[in-house]
Amino acid sequence: MNKVRRSYCGLCHPRCGTLLHYEGDRVVKVTGDPDHPINKGKLCERGKLMLDHLYHPDRLNYPMKRVGKKGEGKWERISWDRALDEVAEKLSELKDKYGAETLTFTHGTKRTYHWDCRRFYNLFGSPNTCGVNNICMCPSYATEYATYGGMILGSEVPGAKCIVLWGCNASQSNPNLLYPFIVHARNNGAKLIVIDPRKTKEAEKADFWLSIRPGTDLALMLGWIRLIIEENLYDHEFVSNWTTGFEELKKEVEEYTLEKVSEITSIEPELIAESARMYAITSPAVIPFGLGLDKQGINSTQCARGRAILRAITGNLEIPGGEVFTLAGDVGKIRDWTYLEANDVLPESQRKKQIGADKYPFFGFPGWEMNSAANEKLPEGYMAPPEGWHSNLAHAREVMNAIITEEPYPVKAAITLANNPLLALPDTNKVFKALKKLELYVVVDYYMTPSAAMADYVFPAASTVETSELWLTNRFCVACPKGVEPLYERRNSYDFYRGLGIRLGQEEHWPWKTIEEVYDHCLEPVGLNFNKLVEQYGFFGDMEYRRYEKYGFGTPSGKVELKSSIFEKLGADPLPRYKEPKWSPNQEISKEYPLVLITGSRFMPMYHSEQRQIEKARKRMPEPLVSINPETAERLGLSEGDWAVISTPLGSIRQRVKLSDAMKPDMVDAQHSWWFPERKEALPELFGVFESNANILCPDDHEFCSPEIGSWPHSALMCKIEKE
């Protein structure tokens, strides 16, 4: 008998509701769930690939143990119990010899909820979880907490009268939720400003498109702030009553005249002024989160500050159709990820050993503790506390260096889950050297990736549809039920960490046998369990606006800190100040490397380093592409489809040329995260990870990174291109 089961996608960040259509025991079709309260039946190109992913012949289905040399591609299939026993035994030995801090972790995107990882590491005693956080949402997350006590992921785009897409290509990165909201708002007359170096689909339809030089966004923000203050376009009442540091900010931005900002950003002064006025006088207005600001290196943290300041001085915080981040109704009663992380169990003696916190204290325990202390002054359930794994991490560069040099102490073991560090972290050759040196490397993943190929143990991860989740935001809590019982011996991350934790003496801290029992515990304060929530899909909290008038903001002062007291105490610039990137057209490097390089742009249907195995995805995007302006290509003797060599002082890769009028003549855009699952696993090929991987081109030395949290640049770089 054929049946239909509700489930969800999860092949990127949103948990869009799906219907799985069965024939016998096998799912034969996936469609959008028209009754789902969020995506309302829509599925993007990635979601339509779910069955190809679920049943792919290259999926990892059983635990594997390395039997040859690292990277030789020789494995033995073993049981889960044996694999967990051996990993636990080895970790125990290394802990006894070097201390718990010898274990590190790399993770990727928030699609295998990392509270369980954080819980395990806190209980084990290691402060050294790290990953791509420094360049992916977390600069904004931590910085907005220091500025007004929470992060805005809930821009009320449908009700906005002005939308500023700043480093956000919604049609490619968020096609099911944000992009339809933008279309809806535009149909209702909303203005649209797009700030992006490329002429994107959104830019073509915008009222203003500001084609900015990559890496100079902060200068533009400071120019906007100056004009808004100078022309009295700011919200005087809000600024007077609910901010600190306004006079200092006003003085700080005096030098960012239209002429100076135009010179830095390559945008005409009139366009800067007109767009700033449109944003300031059109209320309510939103600047939705965009990844482009987080991955530009030296200015990324202060870009998050600049965006937060713009939202605040224009009075767009916590108003209908504006920027909302407080918790709605009973949503705030749910036991959240911060609660589950168990951060309080890690002793101070181990917190002090966090690698990289000496250089970037704001993104380690010192900054997180300050943000947490400010949040604790607020009524419970008003603003979510800052999650540890979003804003309190070791620094990936410093961890890789510690593995290689054993300074400040030996780091001998690592676990990677839902991450591919050879494709996710910069300076790929250094990452490879580090992975090769580890005494114990454990990977939990869907496929044998280049990073997994360097592991000692590989565990098979369950797909999103093979495990249950909660989709918890400040506005709603939606159930994400598994639609398929895990195939073969795949397991979810909770089962992995609980199994490992129990073997290492943590049993009392993992009382829930299944992930559904965890969610039952989380939902208990609102009188629900997971199954009941599945029945009703979820619930939405009623939003109450301007509650800061009763409770204030979650900062040390209780107000929006235009001048950050937390930054100042930790030795960082308390007011945003633009810094020219180390590699730029204004530096000596441009003589040999004349083109501005960006990487990391989203493109469908791939998602970062994923979907490379899936035939339908590869038919759409068979090979890595570098987009070049036709004028530039002609000058360099390049034609559409040619293989080109892209070089920076760090290395060279090859990608195929794509001619594009969306690119300015002095700029190129190289696709990121390319590897080739069809190639040989064993070294030296390692699935071709060293051939077209844009991260080979990206530096991560301190002088390239944001001084507050160490964000490295994946864009705003300089390169040269030659025909292969």
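A few points on the structure. Here the structure is a predicted model, which means the values were calculated and not measured.

## Describing the overall build of the protein chain
Each helix and strand counted, the protein chain has 27 helices and 27 strands in total. At 24 Å, the protein chain has a C-alpha radius of gyration in line with the 27 Å of a compact globule built from 724 residues. By its C-alpha atoms, the protein chain is 70 × 65 × 60 Å across when sized along the principal axes. In the protein chain, which comprises 724 residues, the proportion classed as buried is 67%. Put simply, of all contacts in the protein chain between residues at least 6 apart along the chain, 75% involve residues at least 24 apart. Split by element, the accessible area of the protein chain, about 25,400 Å² in all, is 48% carbon and sulfur. Separation between the mean location of the 88 positive side-chain charges and that of the 99 negative ones in the protein chain comes to 2 Å.

## So, the packing of aromatic side chains
The final tally for this structure, using the stated rule, is 33 aromatic pairs. Taken together, a centroid distance of 6.4 Å and an interplanar angle of 65° make the contact between W337 and Y519 edge-to-face. Of the two residues, W337 is situated in helix α14 (residues 337-341) and Y519 in helix α22 (residues 515-523); the sequence distance between them amounts to 182 residues. Ring-pair connections join several aromatic residues into one group, and the members of that group are W80, F105, F120, Y121, F124, F459, F496 and Y497. Across from the ring centre of Y256, 5.1 Å away, lies the NZ or CZ of K260, which sits over that ring. The cationic tip of K582 hangs over the ring face of F704; the distance from NZ or CZ to the ring centre is 6.0 Å.

## Description of empty space enclosed by the protein
Tallied over the full model, the rule gives seven cavities of 30 Å³ or more. By volume, the second largest cavity amounts to about 80 Å³. In the lining of the second largest cavity, the residues fall into eight nonpolar, three polar and one charged.

## Overview of the sheet that holds strand β10 (residues 191-195)
With respect to topology, four strands assemble into an open sheet ordered β11-β10-β9-β13, the strand pairing being parallel. Looking at the sheet topology across the chains shown, the edges are occupied by β11 (208-210) and β13 (285-286). Relative to β10, strand β9 (residues 162-166) runs parallel, the two being bridged by five bridges. Within β10, the position partnered with V164 by the bridge is I193.

## Here's the deal with helix α18 (residues 396-405)
Of all the 10 residues making up α18, eight are buried; the element is thus mostly covered by neighbouring parts of the structure. Among the residues making up α18, those that are buried are A396, R397, E398, V399, M400, A402, I403 and I404. Among the structural elements, β6 (103-107), β7 (129-131) and α20 (428-437) are those in contact with the buried residues of α18.

## Quick notes on the layout of surface pockets
Sizing a probe to match a water molecule and rolling it over the atoms shows the empty space that remains. Approximately 550 Å³ is the volume attributed to the second largest pocket. Forming the walls of the second largest pocket are 23 residues, and the residues nearest its centre are N169, Q172, R198, R602 and K658. Of all the secondary-structure elements, those providing two or more residues to the lining of the second largest pocket are α5 (170-173), α7 (201-204), β23 (625-628) and β26 (667-670). Its residues placed into classes, the lining of the second largest pocket shows seven nonpolar, eight polar and eight charged.

## As for the packing of helix α8 (residues 217-230) against helix α13 (residues 300-313)
At a minimum axis distance of 9 Å, the contact between α8 and α13 shows a crossing angle of 25°. One finds that α8 runs roughly parallel with respect to α13. Seen along the crossing, α8 lies across α13 with a hand that is left-handed. Facing α8, whose interface residues are D217, L218, M221, W224, I225 and I228, α13 presents Q302, C303, G306, R307, I309, L310 and I313. When its residues are assigned to classes, the contact of α8 with α13 shows nine nonpolar, two polar and two charged.

## Overview of the nonpolar core
Grouped together as the largest cluster of nonpolar side chains are 62 residues, with contacts concentrated most on F120, I415, F459 and F496. Sort the elements by how many residues they give to this core and helix α2 (residues 80-98) lands first, with seven residues. Of all hydrophobic cores here, the second largest spans 58 residues; its members include I193, W224, F246 and L271.

## A closer look at the packing of helix α4 (residues 138-148) against α13
Each pair of packed helices can be described by the angle between their axes along with the distance between the axes. Contact geometry for α4 and α13: axes closest at 9 Å, N-to-C directions at 45°. One way to sum up the angle between α4 and α13 is to call them oblique. As α4 packs across α13, the resulting crossing turns out to be right-handed. Judged by residue contacts, P139, S140, T143, E144, T147 and Y148 of α4 engage T301, A304, R305, R307, A308 and R311 from α13.

## Some points on the pattern of salt bridges
A side chain of one charge can pair with a side chain of the opposite charge when the charged atoms of the two come close. Throughout the structure, instances matching the rule amount to 54 salt bridges. The closest approach of N and O atoms between D33 and R6, which form a salt bridge, is 3.9 Å. With D33 in the loop between β3 (26-32) and α1 (50-54) and R6 in strand β1 (residues 3-8), this pair connects stretches of sequence that are 27 residues apart. For D207, the salt bridge is made with R186, and the minimal N-O distance between the two is 2.7 Å. Placement of D207 in the loop between α7 and β11 and of R186 in helix α6 (residues 178-187) is noted, with a sequence separation of 21 residues between them. Look at R186 and you get partly exposed, because its relative accessible area is 26%. The network of salt bridges with common partners includes K90, E406, K412, K437 and E439.

## Things to note about the pairing of strand β27 (residues 717-723)
By the bridge criterion, three bridges tie strand β22 (residues 595-599) to β27 in an arrangement that is antiparallel. For L595, the partnering residue across the bridge sits in β27 and is C719. For strand β24 (residues 643-648) and β27, the ladder comprises four bridges, and the chain directions are antiparallel. Counterpart to S647 in the pairing with β27 is K720.

## Points about α2
Under the 1.5 Å per step criterion, the end-to-end length of α2 is 26 Å for 19 residues, consistent within 8% with the ideal 27 Å. For α2, the full list of buried residues reads W80, A83, L84, E86, V87, A88, L91 and L94. Immediately beyond the C-terminal end of α2, within one or two residues, lies G99, with a positive phi of roughly 95°.

## A closer look at the sheet that holds β27
The strand order around the closed barrel built from six strands is β22-β26-β23-β25-β24-β27, with neighbouring strands paired in mixed fashion. Between one strand axis and the next, the sheet turns by 45° as a mean value, whatever way the strands run.

## With respect to a negative patch on the surface
Where like charges cluster on the molecular surface, the negative patch consists of E259, E268, E270 and E274. As for its position among the elements, E274 is in helix α12 (residues 269-281).

## A word on unusual backbone geometry
Note that the residue after S283, namely P284, is joined by a cis bond; omega there is -5°. Put simply, E407 and P408 share a cis peptide bond, and its omega is 5°. In this structure, H608 is a non-glycine residue whose phi angle is positive, near 55°. Position of H608 among the secondary structure elements: in the loop between β22 and α26 (615-620). One non-glycine residue, Q611, lies in the positive phi region at around 70°. Relative to the assigned elements, Q611 resides in the loop between β22 and α26. Take Q611: its relative accessible area is 6%, and that puts it in the buried class.

Scoring rules and cut-offs
Residues numbered from 1 in each chain as written. Predicted model: local features only at pLDDT ≥ 70, side-chain atom pairs only at ≥ 80, totals over all residues. Heavy atoms only, no water. Helix = DSSP H or I, 4+ residues; strand = E, 2+ residues; numbered from the N terminus. Rg over C-alpha atoms; globule rule 2.2 N^0.38 Å. Buried < 20%, exposed > 50% of the residue type's maximum accessible area, 1.4 Å probe, protein only. Contact = heavy atoms within 4.5 Å. Areas by Shrake-Rupley, 256 points an atom, 1.4 Å probe, with all protein chains shown as cover. Lys, Arg positive; Asp, Glu negative; His and termini not counted. Charge placed at Lys NZ, Arg CZ, Asp CG, Glu CD. Phe/Tyr/Trp six-rings, centres within 6.5 Å; stacked < 30°, edge-to-face > 60°. Lys NZ or Arg CZ within 6 Å of the ring centre and 35° of its normal. 1 Å grid on protein atoms, 1.4 Å probe; cavity = no way out; pocket = protein on both sides within 12 Å on 5 of 7 lines; lining within 4 Å. Points joined across faces, edges and corners; volume = space filled by probe spheres on them. Nonpolar A, V, L, I, M, F, W, Y, C, P; charged D, E, K, R; others polar. Pairing = 2+ DSSP bridges. Axes fitted to C-alpha atoms, helices over the stretch in contact; angles between N-to-C directions. Parallel < 35°, antiparallel > 145°, perpendicular 65-115°, else oblique. Left-handed = near helix turned anticlockwise from the far one by under 90°. Core = buried A, V, L, I, M, F, W, Y, C linked by side-chain atoms within 4.5 Å. Salt bridge = Lys/Arg side-chain N within 4 Å of Asp/Glu carboxyl O. Expected span 1.5 Å × (residues − 1). Patch = residues over 30% accessible without salt bridge, like charges linked within 9 Å, V, L, I, M, F, W, Y side chains within 5 Å.

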